[in-house]
Amino acid sequence: MNPVSQQPIDVTVQSEYAAAHSDPAHDRYVFIYHITIRNHGAQPVQLISRHWLISDANGHVDEVNGEGVIGEQPVIRPGHAYAYSSFSVLATPVGCMQGSYQMVSADDTAFDAPIPPFTLACPGSLN
């Protein structure tokens, strides 16, 4: 595989607080995040693995690496998107996540698709 620094992949994220699954009295705050990965390139690409940095307001950082997403290693055709939802549990009402997807294109070019930093916050936690 040939490493390449930029590919035409766009990652967008929306997050929400899951109050029904959280327990603030025991420092358990659950956040759901919805990811959309769009392929603006000319070749199909496959998501092979993921790398996350998950930070809470106490400065605690979890690093997560794993194959695919939600048990899948999707192939995204040119002009198409792949969307999924997952969750993260924090010990504080505010935190953030960022990372990258390790991808491979149809011509065996390996590259990272960055996941931009996004905030996880309970309603009213931020001004």
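Peer 1: Describe the overall build of the chain, and please don't skip the residues or the numbers.
Peer 2: If you tally the helices and strands in the chain, you get 0 helices and 9 strands. In the chain, the share of contacts with a sequence separation of at least 24, taken over all contacts with a separation of at least 6, comes to 65%. For the chain, the accessible surface area stands at approximately 7,100 Å², while carbon and sulfur atoms represent 50% of it. With 4 positive and 12 negative side-chain charges, the chain shows a spacing of 9 Å between the two charge centroids.

Peer 1: Which residues make up the side chain of Ser22, and what values go with them?
Peer 2: Relative to the helices and strands, Ser22 is located in the loop between strand S2 (9-17) and strand S3 (29-39). Here Ala18 takes part through its backbone oxygen, which lies 2.8 Å from a polar atom of the side chain of Ser22. Setting aside anything within four residues of it in sequence, one finds Ser22 in contact with Tyr17, Arg28, Tyr29 and Val30.

Peer 1: How would you sum up the packing of aromatic side chains? Please name residues and give values.
Peer 2: Overall, the coordinates contain 6 aromatic pairs when judged by the stated rule. Ring geometry for Trp52 versus Phe118: centroids 6.0 Å apart, planes at 85°, classification edge-to-face. Linking Trp52 in strand S4 (residues 45-56) with Phe118 in strand S9 (residues 109-121), this pair joins segments that are 66 residues apart in sequence. When sorted by exposure, Trp52 lands in the same class as Phe118, which is buried. Taking the centre distance of 6.1 Å and the plane angle of 35° together, the rings of Tyr82 and Tyr84 count as tilted. Aromatic ring contacts, followed pair by pair, group Tyr33, Trp52, Tyr101 and Phe118 into a single cluster.

Peer 1: I'd like to hear about unusual backbone geometry, residue by residue, with values.
Peer 2: The backbone of Asp27 shows a phi angle near 50°, a positive value even though the residue is not glycine. Among the secondary structure elements, Asp27 is positioned in the loop between S2 and S3.

Reading the values: rules and limits
- Residues numbered from 1 in each chain as written.
- Predicted model: local features only at pLDDT ≥ 70, side-chain atom pairs only at ≥ 80, totals over all residues.
- Heavy atoms only, no water.
- Helix = DSSP H or I, 4+ residues; strand = E, 2+ residues; numbered from the N terminus.
- Contact = heavy atoms within 4.5 Å.
- Areas by Shrake-Rupley, 256 points an atom, 1.4 Å probe, with all protein chains shown as cover.
- Lys, Arg positive; Asp, Glu negative; His and termini not counted.
- Charge placed at Lys NZ, Arg CZ, Asp CG, Glu CD.
- Polar contact = N/O pair within 3.5 Å; in protein donor to acceptor, adjacent residues only side chain to side chain.
- Phe/Tyr/Trp six-rings, centres within 6.5 Å; stacked < 30°, edge-to-face > 60°.
- Buried < 20%, exposed > 50% of the residue type's maximum accessible area, 1.4 Å probe, protein only.

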